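Fold and geometry: a report
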Amino acid sequence: MARLEDEPLDDPRLGDVDEWGRSERIRELARRLYDPMYRQWFRAEWEGLEKIPTEGGALLVANHAAAIPSDAPAIMHGIETELHRPVYGLADHLFKSLPVVGTMWARAGGVAAHPENAYRLLREQQQLVLVFPEGGKGPGKTYAERYRLRRFGRGGFVEIAMRAGVPIVPIAVVGAEESMPILFKIPAVSRLLGLPYFPITANQLLFGPLGGLLYFPAKFKLKVLDPVSFDVAPDQERYSKSRIMDEAEAIRVQLQETLFDMLRARRSIWFG
Amino acid sequence: MPGKRVLVTGLGTFWGGRVAQALERDPNVEMIVGLDTDAPKVQLERTEYVRADQSYSILNRIVRATQVDTILHTFLVVDSTRMSGRELHEVNVIGTMNLLAAAAAADSSVRHIVVKSSTLIYGASYQDPAWFREEMSRVGPPKTRVERSLLEVEGYLRDFAEDNPHVSVTLLRFANVLGTDIRTPISKALSMPFTPGILGFDPLLQFVQEDDVVRSIEFVTNAQLSGIYNVSGDGKLPWSEVVAICGKRLAPILPPVLTAAAASPLSQLNVVDLPPELLDLLRYGRGVDNRRLKRAGFKFRYTSAGAVESFAQVSRLNTTIGDERTYKYERDVENFFRHSPAVVRNPE
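Described below are features of the structure shown in this document. (Residues numbered from 1 in each chain as written. Chains lettered and ligands numbered in written order. Predicted model: local features only at pLDDT ≥ 70, side-chain atom pairs only at ≥ 80, totals over all residues.)

**Let's talk about the overall build of chain B**
Definition in use: The helix count covers DSSP runs of H or I at least four residues long, the strand count covers runs of E at least two residues long, and both are numbered beginning at the N terminus. The reference for a compact globule is 2.2 Å times residues^0.38; the radius of gyration itself is calculated from the C-alpha atoms. Three exposure classes are used, based on other C-beta atoms lying within 10 Å of a residue's own C-beta, which is placed from the backbone: buried for 20 or more, exposed for 12 or fewer, and partly exposed in between. Residues are defined as contacting one another if the C-beta atoms placed from their backbone atoms lie within 7 Å.
Check the secondary structure of chain B and you find 12 helices and 13 strands. Expected size for 348 residues packed as a compact globule is a radius of gyration near 20 Å; at 20 Å, chain B falls within 12% of this value. With the C-alpha coordinates of chain B rotated into their principal frame, the extents come out at 60 × 50 × 40 Å. For chain B, the residues scored as buried account for 46% of the 348 residues in total. The contacts in chain B between residues at least 6 apart in sequence include a share of 81% that link residues at least 24 apart.

What follows is the structure in structure tokens.
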């Protein structure tokens, strides 16, 4: 079989699942199904969407809430429908170990939050990547602790952005906390099931155990803050740990203050 | 400059045989000795076949007697369904240890060792990165015998490379191989009318086509590359798509919990043998970064999907004409062609 040296290889694919497990076809279907939820149920409203880069990689960083987080789909949906570019959502590896859910999650744009994965997406593929630096501690908050940001991990998200040479774009989300508030948690059950937390939500109490999957129609407001760029060279072996922690803390404080501002302006949980 | 003198271990395997065939075509290779307990399965012109096991005394004598400068160690067993765990340990770990000891003898002529390992060494778990690079190690401890044995082998190889800086040591980690000749648990699973899968999982997999396997071994041998290289076709594709390309139907008959327990009757009934390392793969998948080998100048001829497609074409052919091999090693005939004065060599 004669073949020119640099001719691209035959790649007889049948499907459109990419190297991250994402399928644009399934993503499109998910958007179509989710759109009514986004527009009529949560009535999501953006401010500063133009601050999200239309090309090049960027790390989107947001606060995280609700027993089954409702913020990730809303952010991904909003940006993908408005900017027409894909958003890859980083989440705990645990997803990958769940049958059905893990596969659907990957097809719909979820990627395991491994630093190598984030670097490849941001640096080599110049994609938009969404991450919640609070991790599981964000959605695991009870209603009484709503809108109080947890620790931003160990600042790993700043280090990744530095290494990848991309800006961080913080996004403040109001509404998710009230969409599925946790009243209390049962540690014994979560230990038994190996889950990060086992919540009893207001939704479960009102609609029954299965109705617990139904979100309350809280009004969603999303505000994009100014992108934060770092004047450091990408691809370094190490970055100053104190610089990383300073930057992470600065972003956290800014996000926290923005959330308080938005709450000050909010007249109603349901109508904004 | 005199040509290369090469020792191929595992001549009786698909790998060893095909690699020896490729070496025979190379005029820079002066002499090829092949070692195995089984006779070669492919026709060879000038390779000398020695029926021997991998015990130290034999290896030491062969290396010394033939003055080989290159050893291609293609004998590592990565398919745990082929032998018991004890045998596998003997062949992989002890065999490699003996081979390296023979190569490290005081007056050894060996200058290059190529070892065929597997991406099994990275394991497969939910905590894995999407792509493993060569310098990354697996997330958890090895869970299966074959993975443990490969880790031990690579450990020996690291020590050998450190102690013998004058020898280039090349370690190739191959992804799952598909092609015309090789039989693996995956190719067997893909030959069934219903291909088993784990309910709720559709992992991303990589493949390397067997021609690329042989070409890569040839490539690193000629280029005298040292170091570790992942060898896998570009891209990844879901198991469901692999099955679809092969024109089969996916039957997710294995439950997500107690998967191994459900798989064991299948192997006992001889339906399909799914060893634990394959069950992990069918749950979580695996990706290895092949760019180091490409940067060194190697050009793959097949992507992962291309490897699957080539396998599918061969399977279709085989269902029509059968897959009987025409070649059978006959010791006397082969010796006649190699050594009888009646045979005219170099007919110029």
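**Some details on the overall build of chain A**
What chain A contains, in helices and strands, is nine helices and nine strands. Against the globule reference of 19 Å for 272 residues, chain A gives a C-alpha radius of gyration of 19 Å, in line with a compact fold. Along the first, second and third principal axes, the C-alpha set of chain A runs to 70 × 45 × 40 Å. For chain A, the proportion of its 272 residues judged to be buried stands at 39%.

**Some points on the environment of Leu237(B)**
Along the chain, the position of Leu237(B) falls in strand β12 (residues 237-238). For Leu237(B), a count of 28 C-beta atoms within 10 Å puts it in the buried group. A sequence separation of 80 residues divides Leu237(B) from Leu157(B), and the C-alpha atoms of the two residues are 32 Å apart. The residues contacting Leu237(B), other than those within four sequence positions of it, are Arg13(A), Val17(A), Leu204(B), Leu205(B), Val242(B), Ser304(B) and Ala305(B).

**Some remarks on the pairing of strand β8 (residues 194-198) of chain B**
Residue and element names in this part refer to chain B. Worth spelling out the cut-off: Any two strands with at least two DSSP-identified bridges between them are counted as paired.
Taken across its five residues, β8 has four buried, putting it largely inside the fold. As paired strands, β8 and strand β13 (residues 249-254) are joined by four bridges and run parallel to one another. By the bridge assignment for β13, Ile-198 is matched with Leu-254.

**A look at the sheet that holds strand β3 (residues 87-91) of chain A**
All names here are of chain A. Rules: Fitting a line to C-alpha atoms yields each axis, with helices limited to the stretch in contact; the angle taken between N-to-C directions then spans 0 to 180 degrees.
The strand order across the open sheet formed by seven strands is β1-β9-β6-β2-β5-β3-β4, and the pairing between neighbours is mixed. The two strands at the open ends of the sheet, each matched to only one other strand, are β1 (45-47) and β4 (110-112). Put simply, the sheet's adjacent strands are angled 25° from each other on average, direction ignored. Sheet topology places strand β2 (residues 58-62) next to strand β6 (residues 168-174); four bridges connect them, and they run parallel.

**Some remarks on the sheet that holds strand β5 (residues 112-118) of chain B**
Residue and element names in this part refer to chain B. Pairing is parallel across the open sheet formed by seven strands, whose spatial order is β3-β2-β1-β4-β5-β6-β11. Single-partner strands in this sheet number two, and they are β3 (48-51) and β11 (227-231). With strand direction ignored, the average angle separating the axes of adjacent strands in the sheet is 20°. Strands β1 (4-9), β4 (70-73) and β5 of the sheet are contacted by helix α3 (residues 85-103), whose axis makes an angle of about 175° with β4.

**Focus on the packing of α3(B) against helix α4 (residues 145-163) of chain B**
Two measures define how a pair of helices packs: the angle their axes make with one another and the distance between the axes. All names here are of chain B. The cut-off we apply is this: Should an angle fall under 35 degrees it is taken as roughly parallel, and over 145 as roughly antiparallel, whereas 65 to 115 is taken as roughly perpendicular and any remaining angle as oblique.
At their nearest, the axes of α3 and α4 sit 10 Å apart, and the two run at 5° to each other. It follows that α3 is roughly parallel to α4 by the angle criterion. Only Arg-145, Val-146, Ser-149, Leu-150, Glu-152, Val-153, Tyr-156 and Phe-160 of α4 make contact with α3, whose side of the interface consists of Gly-85, Leu-88, His-89, Asn-92, Val-93, Thr-96, Met-97 and Leu-100.

**What to know about the environment of Asn335(B)**
All names here are of chain B. By the secondary structure assignment, Asn-335 is in helix α12 (residues 331-339). Residue class for Asn-335 comes out exposed when judged on the 12 C-beta atoms lying within 10 Å of it. Between the C-alpha atom of Asn-335 and that of Arg-46, which follows or precedes it by 289 residues, the distance is 9.8 Å.

**Let's talk about the interface of chain A and chain B**
Operational definition: Gly falls in the polar group here, along with every residue not listed as nonpolar (Ala, Val, Leu, Ile, Met, Phe, Trp, Tyr, Cys, Pro) or charged (Asp, Glu, Lys, Arg).
Across the boundary between the two partners, chain A contributes 22 residues, which contact 29 residues of chain B. The leading source of residues in the side of chain A that touches chain B is helix α4 (residues 115-124) of chain A, at three residues. Partitioned by chemical class, the residues of the side of chain A that touches chain B number seven nonpolar, seven polar and eight charged.

**Some words on α4(B)**
Let me state the cut-off plainly: One less than the number of residues in a helix, times 1.5 Å, gives the span that helix is expected to have.
An ideal rise of 1.5 Å per residue puts 27 Å on 19 residues; α4(B) measures up with 27 Å between its terminal C-alpha atoms. The inward-facing, buried residues of α4(B) abut α3, β5, β6 (168-174) and α9 (276-284) of chain B.

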